[in-house]
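The chain contents come next:
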Amino acid sequence: MAPNHLSKPWHEHITIDLLAHVLNRSLFHPFIAWLIPLCQRAVGAPYDSFNFTATCIYASIVTLIWVLGFLNTRIAYGLPRELDWDEEVVVITGGASGLGKILTETYGMRGASVAVLDVRDPEEEESEGLATVKFYKCDVGDAEAVVRTREQIEKDLGTPTILINNAGIVHGKPLLGPNSLTPSEIAQTLRINTLAHFHTLQAFLPGMLGSPQGGTIVTISSVLGKLGASHLADYTASKAALIALHASLRAELTSPAAPEGAERIRTVLVTPGQLSTTLFAGVQTPSSFLGPVVEVMELAGEIVRMVDAGESGEISMPLYARYIEWLHVLPAGLQRVVRKVSGMDRAMEGFRGGRGPGTDNKRPSPRQQQKKALEK
Ligand code: NAD
């Protein structure tokens with residue numbers, strides 16, 4: 001787990017996400033909800049007593065919500081696909097650091113065939129003990145390089161069936177004023193964060209469509225793609241484009257004119273808030289209770305769980321990221337007040353992160369940071 005998890009004061013662990021997690025597994029779980037009227041009966045409450053009736057109604061409502069949630073998932077995404085781990089080949093872009101690295105290590109430790117596409121060389125320690133992980137130096141913003149790498153992966157490992165589009169950079173500069181974004185930085189952000197997804201989809205999707213077990217495409221966007229933020233115009237635009245790309249991809253795969261094999265393709269959209277990686281180092285979350293920094297291991301665990309289950313869906317963490325789109329139904333004046341009170345447009349003041357060609361790529365990896373934190 002990342003170091004800030006180890007070094008945080010105890011009260012910062014109490015977040016709205018933690019409370020929701022506990023409630024979802026206790027009072028809001030149908031099994032627990034039905035235990036309450038059963039306990040009432042055990043202590044002799046008559047069937048027509050207020051307490052017994054009220055707790056039965058409560059348990060029925062909780063059960064109905066669960067059933068509707070289940071039906072919603074099936075109607076929206078259909079049945080899960082069956083994974084055959086002897087045949088699956090995982091491609092992870094940007095797998096040399098941060099979230100991508102944790103995903104690489106997770107699959108690598110399970111013995112799955114993994115191809116990491118990154119511009120950065122892996123540190124020796126990173127590939128230790130991960131015999132089934134192969135690193136390919138590839139700029140995913142370069143369409144031809146992606147095609148060449150795909151051909152090499154097919155020779156080395158087989159046809160990729162799981163594509164995790166994770167590579168990303170951020171400059172964290174304003175549009176105007178001193179030290180503002182240059183045209184080449186804007187182009188670079190859009191090339192790596194957005195165009196790269198088009199390149200990898202066009203390179204890897206045909207193989208998945210032709211493969212008997214189908215495939216899964218994971219798109220790592222950001223909650224900022226739904227919000228926009230000061231000093232992040234290029235980044236938020238690049239991430240908003242991914243949300244639209246994901247929706248269009250789903251539409252293309254489920255339309256009557258969908259290519260053969262499209263019914264075996266699953267898609268996962270990931271829209272996280274701030275992660276415990278170095279990409280947004282120095283950024284202070286406006287509220288550690290309402291908008292806690294997401295532990296990268298936790299997010300990686302959710303992604304792996306959804307891919308393993310063969311499901312399509314959306315992963316939004318922390319909790320606020322799941323409901324942030326409701327902000328847009330508020331009157332514009334109220335939206336402005338919410339933005340001001342939340343402090344989200346001042347969050348970049350302490351920014352000292354960013355990663356990409358020309359930036360500091362020598363910051364310690366999460367595993368190194370964890371080691372350091374444990375040594376202290
Ligand atoms: P990171 O900087 O730790 O890792 C990104 C990886 O992408 C690096 O290994 C980097 O070398 C690689 N990369 C950069 N340009 C590349 C290129 N042209 N070709 C191939 N690889 C390239 O970042 P992270 O925090 O692990 O973020 C992973 C993803 O999650 C990114 O897409 C990011 O936008 C998104 N995200 C991050 C946060 C956050 O707070 N860190 C929040 C929301 C979404």
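Anything mentioned here points back to the structure above.
Being a predicted model, the structure only gives us computed values, none of them experimental.

Enquirer: I keep staring at the packing of helix α3 (residues 30-42) against helix α4 (residues 50-77) and nothing clicks. Help me out?
Expert: For any two helices packed against each other, the geometry comes down to the angle between their axes and how far apart the axes lie. Two numbers describe how α3 lies on α4: the axes approach to 8 Å, and their chain directions differ by 165°. As the angle between them shows, α3 and α4 are arranged roughly antiparallel. Our pair here, α3 against α4, has a crossing hand that is left-handed. The segment α3 lies against α4, with Pro30, Ala33, Trp34, Ile36, Pro37, Gln40 and Arg41 engaging Asn51, Phe52, Thr55, Cys56, Tyr58, Ala59, Ser60, Val62, Thr63 and Trp66. Here the contact of α3 with α4 is built from residues that sort into 11 nonpolar, five polar and one charged.

Enquirer: Before we go on, may I ask you to explain the side chain of His197 in this structure?
Expert: Tracing the backbone shows His197 in helix α8 (residues 183-210). For His197, a relative accessible area of 2% puts it in the buried group. Not counting residues within four places of it along the chain, the set of residues in contact with His197 comprises Asn165, Thr219, Ile220, Leu242 and Leu245.

Enquirer: Sorry if this is basic, but what is going on with a nonpolar patch on the surface here?
Expert: A cluster of nonpolar side chains, namely Trp10, Ile14, Leu18, Leu19, Val22, Phe289 and Leu290, defines an oily patch on the protein surface of about 670 Å² accessible area. Tracing the sequence through the fold places Val22 in helix α2 (residues 16-24).

Enquirer: So what exactly am I meant to see when it comes to the site of the ligand here?
Expert: In the vicinity of the ligand lie 30 residues, with Ser97, Asp118, Asn166, Tyr235 and Thr277 positioned nearest. Measuring from an oxygen atom of the ligand, one finds a backbone N or O atom of Leu99 at 2.8 Å. One of the backbone N or O atoms of Asn166 is found 2.7 Å from an oxygen atom in the ligand. Here the residues of the shell around the ligand are counted per class, giving 15 nonpolar, 10 polar and five charged.

Enquirer: Where do I start with the environment of Thr161 in this structure?
Expert: In this structure, Thr161 sits in the loop between α7 (143-156) and β4 (162-165). Between the C-alpha atom of Thr161 and that of Thr216, which follows or precedes it by 55 residues, the distance is 6.4 Å. Beyond its immediate sequence surroundings of up to four residues, Thr161 is in contact with Arg81, Glu87, Glu88, Val89, Met208, Ser211, Gln213, Gly214, Gly215 and Thr216.

Enquirer: In this structure, what is going on with helix α10 (residues 233-254)? I would like to understand it.
Expert: Each full turn of the α-helix corresponds to 3.6 residues, which orients residues three or four apart in the same direction. Helix length check: α10, at 22 residues, gives a terminal C-alpha distance of 32 Å against a target of 32 Å (1.5 Å per residue), a fit within 8%. Tucked into the core, α10 has its buried residues touching α4, α8, β5 (215-220), α9 (224-227) and β6 (265-270).

Enquirer: What should I look at first to understand the sheet that holds β6 in this one?
Expert: Whenever strands of a sheet pair, they do so through backbone hydrogen bonds, lying parallel or antiparallel. Strand order in this open sheet of seven strands is β3-β2-β1-β4-β5-β6-β7, and the pairing throughout is parallel. Of all the strands in the sheet, just β3 (133-137) and β7 (313-315) have a single pairing partner and so form its edges. The average undirected angle you get between the axes of adjacent strands in this sheet is 15°. In this structure, strand β2 (residues 113-118) lies alongside β3, joined through five bridges in parallel fashion. Bridge pairing links Asp118 to Lys137 in β3. Lying on the sheet, helix α5 (residues 98-109) is in contact with β1 (89-93), β2, β3, β4 and β5; it crosses β1 at an angle near 160°. Strand contacts of α7: β1, β2 and β3, with the helix running at about 160° to β3, the strand carrying the most contacts.

Enquirer: Sorry, what's going on with the packing of aromatic side chains here?
Expert: The description of an aromatic ring pair rests on the distance of the ring centres and on the angle between the ring planes. Enumeration according to the criterion identifies four aromatic pairs in this entry. Ring centres 5.3 Å apart and planes at 75° place the aromatic pair Tyr235 and Phe280 in the edge-to-face group. Here Tyr235 is found in helix α10, whereas its partner Phe280 is found in the loop between β6 and α11 (296-308), with 45 residues between them in sequence. Like Phe280, Tyr235 is buried. One aromatic cluster is present, built from ring pairs that chain together Tyr235, Phe280 and Phe351.

Enquirer: How do you make sense of the pattern of salt bridges when you look at a structure like this?
Expert: Pairing is possible between side chains that carry opposite charge, provided their charged atoms lie close to one another. Here the structure, examined in full by the defined rule, presents 13 salt bridges. The shortest N-O distance in the salt bridge between Arg81 and Glu88 comes to 3.1 Å. On the basis of relative accessible area, Arg81 is assigned to the buried category, the value being 6%. The exposure class of Glu88 is buried, given its relative accessible area of 1%. In this structure, a network of salt bridges that share partners links the residues Arg150, Glu151 and Glu154.

Enquirer: Honestly, the nonpolar core in this entry has me stumped. Any pointers?
Expert: Of all hydrophobic cores here, the largest spans 29 residues; its most connected members are Leu99, Tyr107, Ile164, Leu299 and Ile303. Counting residues per element, the ones that place at least two in this core are β1, α5, β2, β4, β5, β6 and α11. The biggest single contributor to this core is α11, with seven residues. Setting aside its immediate chain neighbours within four residues, Tyr107 contacts Trp85, Val90, Ile92, Ala112, Val114, Ile164, Val304, Val307 and Asp308. Residues Ala145, Ala167, Ile217 and Leu242 belong to the second largest nonpolar core, which totals 26 residues.

Cut-offs and rules
- Residues numbered from 1 in each chain as written.
- Predicted model: local features only at pLDDT ≥ 70, side-chain atom pairs only at ≥ 80, totals over all residues.
- Heavy atoms only, no water.
- Axes fitted to C-alpha atoms, helices over the stretch in contact; angles between N-to-C directions.
- Helix = DSSP H or I, 4+ residues; strand = E, 2+ residues; numbered from the N terminus.
- Parallel < 35°, antiparallel > 145°, perpendicular 65-115°, else oblique.
- Left-handed = near helix turned anticlockwise from the far one by under 90°.
- Contact = heavy atoms within 4.5 Å.
- Nonpolar A, V, L, I, M, F, W, Y, C, P; charged D, E, K, R; others polar.
- Buried < 20%, exposed > 50% of the residue type's maximum accessible area, 1.4 Å probe, protein only.
- Patch = residues over 30% accessible without salt bridge, like charges linked within 9 Å, V, L, I, M, F, W, Y side chains within 5 Å.
- Areas by Shrake-Rupley, 256 points an atom, 1.4 Å probe, with all protein chains shown as cover.
- Salt bridge = Lys/Arg side-chain N within 4 Å of Asp/Glu carboxyl O.
- Near = heavy atom within 4 Å.
- Polar contact = N/O pair within 3.5 Å; in protein donor to acceptor, adjacent residues only side chain to side chain.
- Expected span 1.5 Å × (residues − 1).
- Pairing = 2+ DSSP bridges.
- Phe/Tyr/Trp six-rings, centres within 6.5 Å; stacked < 30°, edge-to-face > 60°.
- Core = buried A, V, L, I, M, F, W, Y, C linked by side-chain atoms within 4.5 Å.

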